[in-house]
Amino acid sequence: MDDKDIVKLYWDRNEQAITETSSKYGNYCLSIAKNILSSHEDAKECVNDTYLNTWNSIPPQKPKILSAFLGKIVRNLSFNKYKATHSLKRGGYEIDLILDELGEIVSGNESVEDTVIRNELIVVINEFISNLSEEKRYIFVRRYWYSDKISTIANHCNRTENYIHVELNRIRKKLHKYIIERGYDV
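Residues numbered from 1 in each chain as written. Predicted model: local features only at pLDDT ≥ 70, side-chain atom pairs only at ≥ 80, totals over all residues. Heavy atoms only, no water.

Visitor: Give me helix 2 (residues 16-37): which residues, what numbers.
Guide: Along its length, helix 2 reaches its greatest deviation from straightness, about 65°, at Tyr25. Among the residues making up helix 2, those that are buried are Ala17, Glu20, Thr21, Tyr25, Gly26, Cys29, Leu30, Ile32, Ala33, Ile36 and Leu37. Note on helix 2: the residue one or two positions beyond its end, Ser38, has a positive phi of about 60°. (Bend = angle between axes of the 7 residues up to and from the residue. Helix = DSSP H or I, 4+ residues; strand = E, 2+ residues; numbered from the N terminus. Buried < 20%, exposed > 50% of the residue type's maximum accessible area, 1.4 Å probe, protein only.)

This is the structure we're talking about:
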């Protein structure tokens, strides 16, 4: 079923919308959640919550790209679930590594002014990412949006894990410099 038709089902408050969403995007959402949570049960719970949040969000929202809309919801729910289940303890989870890697370029201090600036910063980051080569963009997005393991990215790109580590480090440094050059304090 076409995404526009699925969104229309939500707007019509037709429960078939959830069935169609699950059929078309269930595995996509589950893979995002599992990469963050490393628990099939928790991931399934987040995917189900994604359907509920989508039901409650459409209407009034009318997403142009349903997959991105769902991906954002499941990703945020998964991070919230991760924080709730891992507060005050650190395990050897992939997400801990990812957050540590990104911690090199973000400060974590957020005031009301920072919240406003964040939206502008998103544009700058998207601009940076769009200027990367296709392979580097893939590596960056798979690691920091989908939370893929280094080994998974390396296998897909036919590269070594060391190569991926080095590329991610270089991209993070370039992103940090790019952000600072545009007047942001990170």
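Visitor: Break down the side chain of Ser39 for me, citing the residues and quoting the values.
Guide: Inspection of the secondary structure puts Ser39 in the loop between helix 2 and helix 3 (40-57). A residue is classified by how much of its surface remains accessible, and Ser39, at 18% relative accessible area, is buried. At 3.3 Å, the side chain of Ser39 and the backbone nitrogen of Asp42 are in polar contact. (Polar contact = N/O pair within 3.5 Å; in protein donor to acceptor, adjacent residues only side chain to side chain.)

Visitor: Give me the nonpolar core: which residues, what numbers.
Guide: Val47, Leu66 and Val74 are the most contacted members of the largest nonpolar core, which has 27 residues in total. Secondary-structure elements contributing two or more residues to this core are helix 1 (3-11), helix 2, helix 3 and helix 4 (66-86). Residues within four places of Val47 in sequence aside, it is in contact with Cys29, Leu30, Ala33 and Val74. (Core = buried A, V, L, I, M, F, W, Y, C linked by side-chain atoms within 4.5 Å. Contact = heavy atoms within 4.5 Å.)

Visitor: I'd love a proper account of unusual backbone geometry, names of residues and values included.
Guide: Cis geometry marks the peptide bond from Ile58 to Pro59, where omega comes out at -15°. Among the structural elements, Pro59 can be located in the loop between helix 3 and helix 4. Positive phi outside glycine occurs at Ser147, with the angle close to 60°. Within the element layout of this structure, Ser147 appears in the loop between helix 7 (134-144) and helix 8 (150-157).

Visitor: Just give me the short version of the packing of aromatic side chains, but keep the residues and values in it.
Guide: Under the counting rule described, the total for this entry stands at 5 aromatic pairs. The interplanar angle of 70° and the centroid separation of 6.3 Å between the aromatic rings of Tyr28 and Tyr146 together place this pair among those described as edge-to-face. Here Tyr146 lies in the loop between helix 7 and helix 8 and Tyr28 lies in helix 2, a separation of 118 residues in the sequence. Classification of Tyr146 as buried rests on a relative accessible area of 16%. Following the ring pairs from residue to residue traces out a cluster consisting of Tyr25, Tyr28 and Tyr146. A cation sits over an aromatic face here: Arg13 above Trp55, 4.0 Å from the ring centre. (Phe/Tyr/Trp six-rings, centres within 6.5 Å; stacked < 30°, edge-to-face > 60°. Lys NZ or Arg CZ within 6 Å of the ring centre and 35° of its normal.)

Visitor: Break down helix 7 for me, citing the residues and quoting the values.
Guide: For helix 7, the complete set of buried residues consists of Ile139, Phe140, Arg143 and Tyr144. Along helix 7, the residues classed as buried sweep out an arc of 100° about the axis, all on the same side. (Arc of directions from axis to C-beta.)

Visitor: So what about the packing of helix 7 against helix 8? Which residues, and what values?
Guide: Interaxial distance between helix 7 and helix 8 falls to 10 Å at its minimum, and their mutual angle equals 155°. It follows that helix 7 is roughly antiparallel to helix 8 by the angle criterion. Considering the relative orientation of helix 7 and helix 8, their crossing is right-handed. Contacts between helix 7 and helix 8 pair Glu135, Tyr138, Ile139, Arg142 and Arg143 from the former with Ile150, Ile153, His156 and Cys157 from the latter. Residue composition of the contact of helix 7 with helix 8, grouped by class: 5 nonpolar, 1 polar and 3 charged. (Axes fitted to C-alpha atoms, helices over the stretch in contact; angles between N-to-C directions. Parallel < 35°, antiparallel > 145°, perpendicular 65-115°, else oblique. Left-handed = near helix turned anticlockwise from the far one by under 90°. Nonpolar A, V, L, I, M, F, W, Y, C, P; charged D, E, K, R; others polar.)

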